[in-house]
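# Secondary and tertiary structure notes
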Amino acid sequence: MCKKTLQLVVLCLLAVPLSLQAQEVAGTVTSGGNPVVGANVSVRVLKVGTTTDAQGKYRLKLDPGPHHITFSSVGSKSKTVPVVVAAEATTTLDVVLEE
């Protein structure tokens, strides 16, 4: 009985860090119906970010929980969007920037 309890405790302790690993936020940034190439996508508080590719797509790894993601591009108004990153899933966040 004691050995099985110890195994269960060890298994639980190993599973907790796996559920707290960074998850992905992904989406597309557009403006006027067109993809925005090279837009900045950042979480300023965490000092992490990325840029969009030739199709306006981005991927950003964040810890699960609430975040504010800022999207900006030359010639467009910046936009900050609140998002809750789900554990064990990719969160999709598509954004339209105003010119």
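In case you missed it, the structure is sitting above this.
Here's what I pulled together on the structure shown here. Each residue is numbered by its place in its chain's sequence as written, counting from 1. Where local features are concerned, this predicted model is filtered to residues with pLDDT of at least 70; where side-chain atom pairs are given and counted, the filter is 80 or more; whole-chain, interface and lining totals use all residues. Water and hydrogen atoms were dropped before computing side-chain values, which therefore reflect all heavy atoms in the structure.

### A short note on the overall build of the protein
Let me state the cut-off plainly: Helix and strand assignments come from DSSP, with helices taken as H or I runs of at least 4 residues and strands as E runs of at least 2, each series counted from the N terminus. Categorising residues by exposure relies on relative accessible area from a 1.4 Å probe, with only protein chains included: less than 20% of the type maximum marks a residue as buried, more than 50% marks it as exposed, and the intermediate range marks it as partly exposed. Contacts are residue-level and defined by heavy atoms, with any inter-residue pair within 4.5 Å sufficient. Accessible surface area values rest on a Shrake-Rupley calculation with a 1.4 Å probe, where residue burial reflects the displayed protein chains alone.
For the protein, the helix and strand inventory stands at one helix and nine strands. The order of helices and strands in the protein, counted from the N terminus, is α-β-β-β-β-β-β-β-β-β. Expressed as a percentage of the 99 residues in the protein, the buried residues total 33%. In the protein, the share of contacts with a sequence separation of at least 24, taken over all contacts with a separation of at least 6, comes to 49%. Counting every atom, the protein has about 6,600 Å² of accessible surface; 61% of that belongs to carbon and sulfur.

### Considering the packing of aromatic side chains
Each aromatic ring pair is characterised by the separation of its centres together with the angle its planes make. The criterion, for reference: Two rings from Phe, Tyr or Trp (for Trp, the six-membered ring) form a pair when their centres are within 6.5 Å of each other. A pair whose planes differ by under 30 degrees is stacked, one over 60 is edge-to-face, and the rest are tilted.
Across all of its chains, the model carries one aromatic pair by this definition. Both rings, one in Tyr-58 and one in Phe-71, keep their centres 5.5 Å apart while their planes meet at 70 degrees; by these two values the pair is edge-to-face. On the criterion of sequence distance, the pair formed by Tyr-58 in strand β5 (residues 57-62) and Phe-71 in strand β6 (residues 65-72) is long-range, its members being 13 residues apart. A residue is classified by how much of its surface remains accessible, and Tyr-58, at 2% relative accessible area, is buried. Taking the relative accessible area as the measure of exposure, Phe-71 reaches 0% and is therefore buried.

### Considerations on the environment of Lys-79
Rule in force here: Polar contact is defined as a pair of N or O atoms within 3.5 Å, subject to the rule that within protein one atom must be able to donate a hydrogen and the other to accept it, and that residues adjacent in sequence are counted only when both atoms are side-chain atoms.
Following the sequence through the fold, Lys-79 ends up in strand β7 (residues 79-85). Sequence separation of Lys-79 and Val-41 is 38 residues, and the distance between their C-alpha atoms is 9.8 Å. Not counting the four nearest positions on each side in its chain, Lys-79 is found in contact with Ile-69, Thr-70, Phe-71, Val-95, Val-96 and Leu-97. A distance of 3.0 Å separates a polar side-chain atom of Lys-79 from the backbone oxygen of Val-96.

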